[in-house]
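# Analysis of the macromolecular model
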Amino acid sequence: MTFTVSSAFDSFLVLIRIDDLSDIPGSAVLLASDDDSAGNLDAQLSYTLEPDTEYLILISGLDDTETGSYSLAITR
């Protein structure tokens with residue numbers, strides 16, 4: 001899957017696998033992160049997802065003061 005963020009700010013994208021939904025902080029595994037791979041300060045990452053697995057996508061500004069609207073496109 002490819003995850004692409006489009007925004008008016010410097011976006012940052014993170015993909016996390018969750019191994020235990022009853023203990024998300026204790027079972028979170030960072031799989032990938034990206035800052036500018038989509039160009040124009042937009043984030044993009046590609047990852048092969050496994051069936052029957054929980055994932056978490058986090059989108060933020062690279063700097064925590066950067067906010068605004070964004071869109072997330074998910075493609076195969």
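Residues numbered from 1 in each chain as written. Predicted model: local features only at pLDDT ≥ 70, side-chain atom pairs only at ≥ 80, totals over all residues. Heavy atoms only, no water.

### Here's the deal with the sheet that holds strand 3 (residues 28-34)
The strand order across the open sheet built from three strands is 3-2-5, with neighbouring strands paired in antiparallel fashion. The open sheet is flanked by strand 3 and strand 5 (54-61), the only strands paired with a single partner. Each neighbouring strand pair of the sheet contributes to a mean axis angle of 25 degrees, computed without reference to strand direction. In this sheet, strand 3 lies alongside strand 2 (residues 11-18) in antiparallel orientation, the contact comprising six bridges. From the neighbouring strand, Ile18 faces strand 3, where its bridge partner is Ala28. (Pairing = 2+ DSSP bridges. Helix = DSSP H or I, 4+ residues; strand = E, 2+ residues; numbered from the N terminus. Axes fitted to C-alpha atoms, helices over the stretch in contact; angles between N-to-C directions.)

### Description of the sheet that holds strand 4 (residues 44-46)
Ordered in space as 4-1-6, the three strands form an open sheet in which the pairing is antiparallel. Unpaired on one side and paired on the other, strand 4 and strand 6 (70-75) mark the two borders of the sheet. The sheet shows a mean angle of 10 degrees between the axes of neighbouring strands, direction not considered. Summarising the sheet, strand 1 (residues 2-7) and strand 4 pair through three bridges and their orientation is antiparallel. Residue pairing across strands places Thr2 opposite Ser46, the latter belonging to strand 4.

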